[in-house]
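Analysis of the macromolecular model
The residues making up each chain are set out below.
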Amino acid sequence: MEKQEYTITLYTENSIGMIGRISGIFSRRKINIESLNTSPSEVENIHRFTILITESEEVVRKLCRQIEKQVEVLKAYYNTDEELIWQEQALYKVPTDVIAEKAPVERLLREYGASAVVIRNDYTVFETAGHREEIDKLTAELTKYRLIEFVRGARIAIIKDSAGFHSKLKQFEREEPAPEMVENEFLDQGDKVFTM
């Protein structure tokens, strides 16, 4: 099967060590994580992981099933880029004198929707958001103008055809309500039942 980019979205409980356990599943299978973002989700006390990998669909499907076996993982989805609305954020540090002296730099930053975050005498920091290709193009252009520093954030994504995880939880509760509490007939006979 042909490999392509997939974004895996996980909904998990917020517990210590989740990142390590999830990344361990990828490393045991020798799958490189290209981007990893974790944040609170729309549901209180539920966190969302957004993981970008390049693999075949069969491998990604099996991987999601394996991840869902983790006790704290509520659901794992995988999607192609076409099924998502996604962005990456980037920060660029450029010498301020270059921006002041060179009109093409200012036009370039406007063209890519970059806005100034910090302006100092020695450097200016710009931020922009977009797809990886756009960020890579802007980075390549800014290296011509003494780019000092660059950092790109992890992918964040929203599934186009999704009503949100909160609605999935409500649907699950309607379809599979918690079983009624059943009284144990032996509960009050502890000494008789648990003796040798």
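One can find the structure itself at the top, above this paragraph.
Residues numbered from 1 in each chain as written. Predicted model: local features only at pLDDT ≥ 70, side-chain atom pairs only at ≥ 80, totals over all residues. Heavy atoms only, no water.

Nonpolar side chains in soluble globular proteins tend to be buried together. Counting residues in hydrophobic clusters, the biggest one holds 17 residues, and the most contacted among them are Ile8, Leu10, Phe26, Ile51, Ile53 and Leu63. Those elements that place two or more of their residues in this core are strand 1 (4-13), helix 1 (18-28), strand 3 (46-55), helix 2 (57-68) and strand 4 (73-79). Setting aside residues no more than four positions away along its own chain, Ile53 makes contact with Gln4, Glu5, Tyr6, Ile8, Phe26, Ile31, Asn32, Ile33, Glu34, Val60 and Leu63. Val94, Leu109, Phe126 and Ile135 belong to the second largest nonpolar core, which has 15 residues in total. (Core = buried A, V, L, I, M, F, W, Y, C linked by side-chain atoms within 4.5 Å. Buried < 20%, exposed > 50% of the residue type's maximum accessible area, 1.4 Å probe, protein only. Helix = DSSP H or I, 4+ residues; strand = E, 2+ residues; numbered from the N terminus. Contact = heavy atoms within 4.5 Å.)

In total, this model carries 16 salt bridges according to the counting rule given. Linking Glu5 and Arg155 is a salt bridge whose minimum nitrogen-to-oxygen distance equals 3.4 Å. On the criterion of sequence distance, the pair formed by Glu5 in strand 1 and Arg155 in the loop between strand 8 (149-152) and strand 9 (156-159) is long-range, its members being 150 residues apart. For Glu5, a relative accessible area of 25% gives the class partly exposed. A residue is classified by how much of its surface remains accessible, and Arg155, at 1% relative accessible area, is buried. Here Lys62 ties to Glu58 by a salt bridge, and the two come within 3.2 Å at their closest N and O atoms. Of the two residues, Lys62 and Glu58 both sit in helix 2, four residues apart, roughly one turn of that helix. For Lys62, a relative accessible area of 48% translates into the label partly exposed. (Salt bridge = Lys/Arg side-chain N within 4 Å of Asp/Glu carboxyl O.)

Our focus in this paragraph is the packing of helix 4 (residues 103-111) against helix 5 (residues 132-143). Direction vectors running N to C along helix 4 and helix 5 enclose 170°, while the axes themselves pass 11 Å from each other. If you check the angle between helix 4 and helix 5, you find them roughly antiparallel. Of the residues in helix 5, those in contact with Val105, Leu108 and Leu109 of helix 4 are Leu138, Glu141 and Leu142. Looking at side-chain class alone, the contact of helix 4 with helix 5 contains five nonpolar, no polar and one charged residues. (Axes fitted to C-alpha atoms, helices over the stretch in contact; angles between N-to-C directions. Parallel < 35°, antiparallel > 145°, perpendicular 65-115°, else oblique. Nonpolar A, V, L, I, M, F, W, Y, C, P; charged D, E, K, R; others polar.)

Read across the open sheet, the four strands follow the order 2-3-1-4; overall the sheet is antiparallel. Each edge of the open sheet is held by one strand with a lone partner, namely strand 2 (35-40) and strand 4. Taken pair by pair, the neighbouring strands of this sheet meet at an average axis angle of 15°, ignoring direction. The pairing of strand 2 with strand 3 spans six bridges and is antiparallel. Looking at strand 3, one finds that Pro40 is bridged to His47. Here helix 1 sits on the sheet and contacts strand 1, strand 2, strand 3 and strand 4; the angle it forms with strand 3, its principal contact strand, is near 20°. (Pairing = 2+ DSSP bridges.)

Another aspect to go through is a positive patch on the surface. Side chains of Arg28, Arg29, Arg65 and Lys69 sit close together on the surface and give a patch of like positive charge. Here Arg29 is to be found in the loop between helix 1 and strand 2. (Patch = residues over 30% accessible without salt bridge, like charges linked within 9 Å, V, L, I, M, F, W, Y side chains within 5 Å. Areas by Shrake-Rupley, 256 points an atom, 1.4 Å probe, with all protein chains shown as cover. Lys, Arg positive; Asp, Glu negative; His and termini not counted. Charge placed at Lys NZ, Arg CZ, Asp CG, Glu CD.)

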